[in-house]
Amino acid sequence: MADSTNEPVKVVFVCWGNICRSPMAERIAATWAQRDGVDGVEFTSAATSTEELGNPIDRRAARELREHGYDADNHSAHQIDAAEIDDADLVIAMEDIHIAKMRAMSDRDDVALLSDFDPDAEPGEGVPDPWYGGPEGFTTTREMIERAMPGVLERVRELQGATRRG
C-alpha cells in the first residue's frame, strides 16, 4: 500500500480470466488518469481463475479498446494472490463472485465492485462477462467501465490525500 508521496496508489481490477473486463478497466483507467492529470497511480489487473494465464487481451476486447483510443498491447493474464490483494490500495472486482474468491485468499474486507463507482448503477450490479456473447457485449462493458471512471479517479485522489496526510 502507498505509504508516502513517493509510492503510487495501487489499483487492481479483477475479473474471472483477466482477458476481457479487468484489462479493459486497467487500460481505460490509465488513459483517463493521464488525460485528467491524475499522477502517482499504478493500475493493474488480474484474474481469480487460472483458465487464461499468460494469454493476451481477448481480440474482441482489444478491438473495442483500440476503436475508442485505448491501448490494448502487452498484456499477459495472471492470477491474483493474497499478496497482491493486500498490497493494493484499491481492489475493484467486476462481480460478486470475484469478491468471494478474493475473500477466500485474503482477510481484506474493502474490495469494491466497479459498479460501486457508477452513481447510476444498481447496487451490486456488477459488470457482466462479455466473453460469451458478440461484440455488443464488449461495447457495453467499455461503456460501464467509462461510467465508473469519474468515481474511480475520485477515490484515487482521496487515497492520495490520505497518504499525504499520513
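It should be emphasised that the depicted structure is a prediction, and the values quoted were computed from it without experimental measurement.

Calculation rules
Residues numbered from 1 in each chain as written. Predicted model: local features only at pLDDT ≥ 70, side-chain atom pairs only at ≥ 80, totals over all residues. Heavy atoms only, no water. Helix = DSSP H or I, 4+ residues; strand = E, 2+ residues; numbered from the N terminus. Rg over C-alpha atoms; globule rule 2.2 N^0.38 Å. Expected span 1.5 Å × (residues − 1). Buried < 20%, exposed > 50% of the residue type's maximum accessible area, 1.4 Å probe, protein only.

(A) Molecular detail of the overall build of the protein chain. The secondary structure content of the protein chain amounts to 5 helices and 4 strands. Moving toward the C terminus, one meets the helices and strands of the protein chain in the order β-α-β-α-α-β-α-β-α. Computed over C-alpha atoms, the radius of gyration of the protein chain comes to 15 Å, within 12% of the 15 Å expected from 2.2 N^0.38 for 166 residues, which places it in the range of a compact globule. Projected onto its principal axes, the C-alpha positions of the protein chain cover 45 × 35 × 35 Å.

(B) Spatial organisation of helix 1 (residues 21–35). For helix 1, spanning 15 residues, the distance from its first C-alpha to its last is 21 Å, which sits close to the expected 21 Å at 1.5 Å a residue. Burial of helix 1 is extensive: 11 of the 15 residues sit out of reach of the surface. Buried within helix 1 we find Arg-21, Ser-22, Pro-23, Met-24, Ala-25, Glu-26, Arg-27, Ile-28, Ala-29, Trp-32 and Ala-33. In the stretch just after helix 1, Gly-37 is the one whose phi turns positive, near 70 degrees.

Function cannot be inferred from these measures alone, as they are strictly geometric.
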